[in-house]
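Listed below are the residues making up each chain.
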Amino acid sequence: LVECAQLRDCTAELGHLLDLASERGWPDVAAVVHFARYAGLDTTALRNPNAAVFEVDHPVTQDWKRERIAGMNPPAGLRFVPVDFEQQNFADGLALAGFDLAAPAFFVWLGVVPYLTRNAIHATLDFAASVPGSEIVFDYSQAPERYPPKQRKLVMALVERVAALGEPFRSYFDPPEMTALLK
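A brief report on the enclosed structure follows. Predicted model only: the values in this text are computed from it and were never measured. (Residues numbered from 1 in each chain as written. Predicted model: local features only at pLDDT ≥ 70, side-chain atom pairs only at ≥ 80, totals over all residues. Heavy atoms only, no water.)

## Side note on helix H3 (residues 59–69)
Working step 1: Within H3 the residues assigned to the buried category are Thr61, Gln62, Lys65 and Ile69. With its buried residues spanning 100° around the axis, H3 presents them on a single face. Projecting away from the buried face of H3 at angles above 90 degrees are the exposed residues Val60 and Glu67.
Working step 2: For H3, the elements touching its buried residues are strand S2 (52–57) and strand S3 (78–82).
Working step 3: Of the residues flanking the end of H3, it is Gly71, one or two places downstream, whose phi is positive at about 90°. (Buried < 20%, exposed > 50% of the residue type's maximum accessible area, 1.4 Å probe, protein only. Helix = DSSP H or I, 4+ residues; strand = E, 2+ residues; numbered from the N terminus. Arc of directions from axis to C-beta. Contact = heavy atoms within 4.5 Å.)

Here it is, written out as structure tokens:
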């Protein structure tokens, strides 16, 4: 369990983890599955042009990204997988997009977990664990009361801001609880 303080730290750690996976025998990662809240703002596919990158995100966000990159030359391996984690089975969406359940994959799940219910989180972790030889990198949020007062104020401001936008945090974990969940 690697902890990173902010999303930019997690993104840097992601590059390092992909490099380590390559050193362990993946000359090119068979697939990078990017589960995302607002994957449209991510550049995983651009940073991994030799891999098949499956961007799994909400249909509205995927439409937005497709509009933004229309006319550009995205990597040939980029595949969009429009899925609402709370309403749809993302494994079916991945299969329709050509995801190979028998090949190792590197699952990227940054900026998503706090917005999902525990059931959706468990389903995603179970799916990633079912793909042989695969790895996952993700972040999660601790409950605001677990932070020191100054940081708690910042966390609460974020929680309130995203809730006002209709995207409330639905799940919090403490590190021992997350460690136990991953075993």
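Now that the structure has been shown, we can carry on.
## Here's the deal with the packing of aromatic side chains
Working step 1: Using the criterion set out here, one finds 10 aromatic pairs in the structure.
Working step 2: Between Phe54 and Phe99, the ring centres sit 5.5 Å apart and the planes meet at 85°, which makes this aromatic pair edge-to-face. Taken together, the residues span a long stretch of sequence, with Phe54 in strand S2 and Phe99 in the loop between helix H4 (90–96) and strand S4 (106–109) at a distance of 45 residues. The same class applies to Phe54 as to Phe99, namely buried. (Phe/Tyr/Trp six-rings, centres within 6.5 Å; stacked < 30°, edge-to-face > 60°.)

## Observations concerning the pattern of salt bridges
Working step 1: Applying the stated criterion across every chain, the model contains 3 salt bridges.
Working step 2: For Glu67, the salt bridge identified is with Arg68, shortest N-O distance 3.5 Å.
Working step 3: Of the charged contacts, one joins Arg118 and Glu177 as a salt bridge, the two residues approaching to 2.8 Å between their closest N and O atoms. With Arg118 in helix H5 (residues 118–130) and Glu177 in helix H7 (residues 175–182), the pair connects residues that are 59 residues apart, well separated along the chain. (Salt bridge = Lys/Arg side-chain N within 4 Å of Asp/Glu carboxyl O.)

## Here we look at helix H6 (residues 149–164)
Working step 1: Taking 1.5 Å of rise per residue, the 16 residues of H6 would be expected to cover 22 Å, and the 22 Å separating its terminal C-alpha atoms lies within 8% of that figure.
Working step 2: Residues of H6 that are buried include every one of Val155, Val159 and Val162, and no others. Seen along its axis, H6 keeps its buried residues to an arc of 70°; they face one direction. When the buried face of H6 is taken as reference, the exposed residues oriented beyond 90 degrees from it are Pro149, Lys150, Lys153, Leu154, Glu160, Arg161 and Ala164.
Working step 3: Just downstream of H6 lies Gly166, where phi reads positive at about 85°. (Expected span 1.5 Å × (residues − 1).)

Structural measurements only, silent on function.
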